[in-house]
Structure formats: C-alpha cells, structure tokens
Amino acid sequence: MNQSVNAPGQRGTARTSEHDRLTVFYPMAGDTMGGSHVSLLGLLEGLDPDKVRIIIGLEVPDGRLAEHYEAFEQITDPAAPERPFEAGEPFGVRSALATLKGLRKRSKFLIDNKVDIVHTNDGRTHATWALATKIARKKLVWHHRGNPTARGSRHVAPWLADQVITVSSFALPSGRLGSSGKARVVHSPFDVSIEVDRHASRNRMIEEFDLTEDVILCCYIGTYIERKRPHGFIDAVIELSKLSDRPVKGLLFGEATEAKAAAALEQKIAESNGLVSDAGYRSPGHDWLGGCDLLLVPAIDEPLGRTLVEAMLVGTPVVATQSGGNPEALAGDCGVLVPDLEAKSMAQAAIDLLADDERREAMIARAKQMARQRFSRERHVDEVLAVYRALTAG
C-alpha cells in the first residue's frame with residue numbers, strides 16, 4: 001500500500017524538529033479484528049503527530065485492518081507471508097521458523113525508514129518482528145495482552161524487548177522479566193465520554209429479534225474463542241431463564257476465528273431453543289451493549305476485557321467470573337464477581353442483581369465514575385509516550 005497521511009497529521013501548529021520527532025512502527029499480522037486493534041487505535045488517535053510519526057505495517061494491504069487504520073501512514077510488510085497468521089491458530093516451532101525468512105528484509109526496512117521504536121501488539125507480531133528489531137538495533141515495546149504464562153512473554157521478551165507493557169496487573173509476567181523492571185502496567189485506552197441512548201438501543205434489539213418489552217437482555221461481546229467461553233455464556237442464559245419469571249434473551253456479538261469453533265457454537269446455540277442468538281460482529285459495540293440489561297462475562301484468564309469497561313461507561317451492570325483481570329476492572333464494587341465457573345452461580349448472581357434496584361443503580365453510578373478516572377485515553381497516551389521517551393532519551 002502506498003503511504004498515505006490524512007486528518008490526524010493536521011493537528012498541531014508548530015512542527016517539532018525531525019530530530020526530536022519519534023518514528024514508531026506498528027506491525028499488523030493477518031487481517032482479523034480484535035480488542036487490541038481497538039485499543040491501539042485509541043492510542044494512535046491520541047498521539048501528537050508533531051511528536052510521533054506513526055507507520056502501520058500491514059500483511060494484508062487492502063483488508064479490514066487497512067480500513068481500520070486508514071487515517072495513518074501505511075506500508076506493506078516487506079516480508080509478508082503467503083498465508084497470514086490468524087488469531088487463535090497454534091503458533092509453534094514451524095510458525096516461528098517461518099518468520100526467520102523475512103528477518104533480513106524486515107531489519108533493512110526498519111533501518112531505511114529510520115524507525116526509532118517498534119511497538120508490537122500481539123503474539124503474532126512479537127514473533128514476526130522482535131528479532132528483526134533487535135538486529136536493526138531499534139527499540140522494542142512488547143505490548144502483552146495475554147496470559148502471564150505465555151511462552152513468548154516468559155522466554156523471548158526478557159531477551160528481545162526493551163520495555164514490556166501489560167494491560168493489567170494479572171498479565172504482568174513473573175520470573176526474570178518481572179524482576180528486571182522491564183514490565184509495567186498501562187491500562188488500555190477508552191473514550192470515556194461515550195454515551196448511549198439506552199432506551200433506543202434496547203428498542204432496536206427488541207424489534208430486530210422480535211422480543212417482548214419485558215425481556216431480560218443479556219449480552220456477550222468478543223471473539224468466539226475458548227478463553228472467553230461463549231458456550232459458558234449460553235449455559236448461563238439457559239440457567240437464568242429457569243430462575244426468572246420474565247422472558248430472557250442472550251445475544252452474542254462477535255465472530256469465530258476458525259470454522260470448527262463456529263460450527264460448535266452454532267450447534268450450542270441451536271440447543272438453547274431460541275434463548276440465544278448470534279448477532280454477529282457489530283461496531284461500535286457499546287451502541288448495542290448500552291441497550292442490554294446485563295453483560296455476562298464467563299471468560300477465564302482474560303487479561304482485561306474491553307467490554308467490562310465499556311459496560312461500566314454506558315451503564316450496563318456486569319456479572320463476571322473472578323478470574324484474570326476481571327477483578328481489577330471491576331475493583332471498588334463496580335460489578336458482581338462469581339467465584340466459580342458454574343453457569344448456575346452466574347445466573348443466580350444476575351437474578352439477585354436485577355431484583356435489587358437500589359444496589360444495581362448505585363453500582364452503575366459507581367462503575368461509570370471509576371471507569372472515567374482509571375481508563376481515559378489521555379492517561380493511556382501520556383503513559384505510553386513516557387515509555388517512548390524513556391527508551392530514546394539521549
């Protein structure tokens with residue numbers, strides 16, 4: 001793709017000298033959208049183009065990610081694989097060896113474009129660009145959004161990363177990397193000013209899915225992968241319907257990353273006998289989340305789910321498993337945590353919350369205030385820019 005710069009580059013009045021302006025490269029792997037891409041866009045839109053030149057590296061030059069980052073300069077990966085790595089695919093020794101073929105081209109690309117920092121955002125880009133960054137003698141920011149036990153963060157990042165950023169305390173790697181001072185928490189950025197007409201959003205879903213006015217709308221938002229447990233969501237909705245004297249409807253907003261998972265989920269939905277529907281991927285997600293009565297989060301070891309924070313911002317109460325970064329996101333009694341993975345426990349917590357108007361409304365107000373304080377885009381941008389400056393000082 002040819003380089004193209006538009007609106008974001010128009011901000012600012014006095015251009016910083018090129019010597020002081022950092023060039024940061026953000027490589028993309030494959031063409032599947034996820035929460036990391038939404039978070040990264042929040043960072044990029046907040047960076048001052050007079051201080052940071054942003055380059056997006058694409059394996060797929062005309063796909064969804066190209067459109068997602070269309071406001072920024074884009075360059076095609078100089079060693080793009082014939083078949084891009086996809087989210088959810090196993091990344092074993094063979095995949096790692098395949099990335100070595102492009103080392104020379106990628107390191108030369110970084111040198112030729114006078115890149116100061118490479119900022120990788122998922123396991124695939126860590127594997128593809130980390131060693132090339134080291135060979136080119138550039139700085140590597142390894143943004144870890146996964147489980148702290150991930151092999152890359154434990155065995156590769158200590159040697160190749162100059163700074164590791166994690167999205168939550170839960171995601172902080174232990175061992176050598178954690179004790180080296182290379183890892184720090186920077187919470188993901190959110191537009192904390194978002195507002196949703198909850199009544200209009202609810203009515204839109206009632207009309208689309210042919211529901212009654214008294215229905216309890218429960219939602220799941222995210223990719224359909226094992227860690228996020230969409231099957232657990234369906235089980236919880238079924239159990240909730242047994243406890244409620246009102247009709248219940250569960251809506252899955254997302255998409256599967258591979259055909260086998262999609263087929264298994266389709267079968268599970270069919271077994272719910274109409275209680276659950278696959279509403280597909282929709283953007284922006286908060287427009288739909290805001291019309292739901294509950295966000296149910298059955299995920300296990302999720303570092304910090306974006307939907308929890310978005311729910312807090314738009315006034316949708318959250319019931320989540322006490323796992324991963326969920327307790328961190330909902331700290332301060334900003335949601336209900338279920339101490340085990342049983343669908344019945346999640347359903348009971350949900351019905352109890354719906355029955356207590358005073359508790360629920362206080363929780364909603366508290367959650368919105370806390371989310372605005374802790375997850376603002378401005379705070380995220382300042383912290384990441386401080387990392388960039390520290391790495392390139394002198």
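What you see is a predicted model; the values in this text were computed from it and never measured.

A.B. asks: Which parts of the structure should I look at to understand the overall build of the chain?
C.D. replies: When helices and strands are counted, the chain shows 16 helices and 13 strands. Within the chain, the proportion of its 394 residues that are buried is 54%. About 17,800 Å² of surface is accessible on the chain, with carbon and sulfur atoms providing 50% of the total.

A.B. asks: Sorry, what's going on with the pairing of strand E8 (residues 216–221) here?
C.D. replies: Burial analysis of E8 places 6 of its 6 residues in the buried class, the great majority of the element. Of the two faces of E8, the one holding Ile-216, Cys-218 and Tyr-220 and the one holding Leu-217, Cys-219 and Ile-221 are both buried throughout. Relative to strand E9 (residues 248–253), E8 runs parallel, the two being bridged by 6 bridges. Bridging from a neighbouring strand, Cys-218 pairs with Gly-250 of E9. Remark: the E8/helix H9 (residues 230–243)/E9 crossover connection has right-handed handedness. Bridge count between E8 and strand E11 (residues 294–297): 2 bridges; the pairing is parallel. Considered in E11, the bridge of Cys-219 is made with Leu-295.

A.B. asks: Looking at this model, I keep getting lost on the pattern of salt bridges. Mind explaining?
C.D. replies: Side-chain pairing between opposite charges can occur once the charged atoms of the two side chains come close. Enumeration over the complete set of coordinates arrives at 17 salt bridges. The closest approach of N and O atoms between Arg-124 and Asp-122, which form a salt bridge, is 3.0 Å. With respect to class, Arg-124 is no different from Asp-122; both count as buried. Note that Glu-383 is salt-bridged to Arg-184, the shortest N-O span being 4.0 Å. Of this pair, Glu-383 sits in helix H16 (residues 377–392) while Arg-184 sits in strand E7 (residues 183–185), placing them 199 residues apart in sequence. Its relative accessible area of 32% is what places Arg-184 among the partly exposed residues. Each of the salt bridges in this network shares a partner with another, and the network as a whole consists of Arg-184, Arg-379 and Glu-383.

A.B. asks: Looking at this model, I keep getting lost on the packing of aromatic side chains. Mind explaining?
C.D. replies: Working definition: an aromatic ring pair is given by the centre-to-centre distance plus the angle between the planes. This structure, assessed with the given rule, holds 7 aromatic pairs. Each residue in the set Phe-25, Phe-109 and Trp-129 is aromatic and connected to the rest through ring pairs, giving one cluster. When the ring centre of Tyr-281 is taken as origin, the NZ or CZ atom of Arg-64, which lies over that ring, is 5.2 Å away. In this arrangement the basic side chain of Arg-204 is found over the ring face of Trp-288, its NZ or CZ atom lying 3.9 Å from the centre.

About the cut-offs
Residues numbered from 1 in each chain as written. Predicted model: local features only at pLDDT ≥ 70, side-chain atom pairs only at ≥ 80, totals over all residues. Heavy atoms only, no water. Helix = DSSP H or I, 4+ residues; strand = E, 2+ residues; numbered from the N terminus. Buried < 20%, exposed > 50% of the residue type's maximum accessible area, 1.4 Å probe, protein only. Areas by Shrake-Rupley, 256 points an atom, 1.4 Å probe, with all protein chains shown as cover. Pairing = 2+ DSSP bridges. Right-handed = clockwise from strand over helix to strand, strands pointing away. Salt bridge = Lys/Arg side-chain N within 4 Å of Asp/Glu carboxyl O. Phe/Tyr/Trp six-rings, centres within 6.5 Å; stacked < 30°, edge-to-face > 60°. Lys NZ or Arg CZ within 6 Å of the ring centre and 35° of its normal.

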